[in-house]
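# What the coordinates show
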Amino acid sequence: MLILLQTYFDMLALRKGPDAIPRSWVIFLVSIGMLLISSYFASALIDGMREQNYFMTFFGYSLGLVFYASVLFITGFAGRMLQTISAIVACGAIITLLYVIEYLVFKNLFGVEFASLVGILIIFWSVPVEGHIIARAIQQHKFVGITIAMAALILQLGFQSAFTANS
């Protein structure tokens, strides 16, 4: 388990890609568990996240994962789907936990505004991380991956804002 976590941290540092983890449903389920745990901590410990519509958030996140899966399928790398989706989900979960820890520490030291600003920067780090992962999966340059990750983020945010504006 520690080796797997170290591999995920290497992905966060843009040193390894999804090929560094085994193709396994167990690892995929562990990644989903990490996502659920990190989401729980984010919603339980951060005030502004309590009003969030979790169904729409997870549906938007799932839409992003389907977008990544379609990129893998279209480019002919569908065989790497399990590893790639597992890596994206696990790295997203770790980034969420880092955000929660940063927010709780910085909120008390520097105030809510500064903690929120740094938190947004941490969350936006997911774009180059996911871009790196998808680029390595489809054997393309990092900038291609970052462009794909930005498109996925815009798709997620657009979906969420379209449905939460009407609520």
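Everything that follows concerns the structure shown earlier in this document.
So, here's what we can say about the structure.

Most often, soluble globular proteins keep nonpolar side chains buried together rather than apart. Of all hydrophobic cores here, the largest spans 33 residues; its most connected members are Y8, M11, I21, Y68, C91 and I133. Elements with a contribution of two residues or more to this core: α1 (2-12), α2 (25-45), α3 (54-74), α4 (81-110), α6 (126-137) and α7 (142-164). Residue contributions to this core peak at 10 residues, all from α4. Discounting chain neighbours no more than four positions away, the residues touching I21 are L4, T7, Y8, M11, I27, Q83, S86 and A87. Judged by nonpolar contacts, the second largest core, of six residues, contains A42, Y99, Y103 and A115.

A rise of 1.5 Å per residue sets the reference length of α2, with its 21 residues, at 30 Å; its end C-alpha atoms lie 30 Å apart and thus fit the reference within 8%. When we look at burial in α2, the residues that qualify are I27, F28, S31, M34, L35, S38, A42 and S43. Angularly, the buried residues of α2 cover 155 degrees about the axis, an arc narrow enough to put them on a single face. When the buried face of α2 is taken as reference, the exposed residues oriented beyond 90 degrees from it are W25, V26, L29, L36 and Y40. Taken together, the buried residues of α2 touch α1, α3 and α4. By the N-cap criterion, in which a side-chain oxygen at the helix start approaches the backbone nitrogen of a residue two or three places on, α2 is capped by S24, the distance to V26 being 3.1 Å.

Conventions used here
- Residues numbered from 1 in each chain as written.
- Predicted model: local features only at pLDDT ≥ 70, side-chain atom pairs only at ≥ 80, totals over all residues.
- Heavy atoms only, no water.
- Core = buried A, V, L, I, M, F, W, Y, C linked by side-chain atoms within 4.5 Å.
- Buried < 20%, exposed > 50% of the residue type's maximum accessible area, 1.4 Å probe, protein only.
- Helix = DSSP H or I, 4+ residues; strand = E, 2+ residues; numbered from the N terminus.
- Contact = heavy atoms within 4.5 Å.
- Expected span 1.5 Å × (residues − 1).
- Arc of directions from axis to C-beta.
- Polar contact = N/O pair within 3.5 Å; in protein donor to acceptor, adjacent residues only side chain to side chain.

Interpretation note: all reported values are geometric properties and have no functional meaning in isolation.
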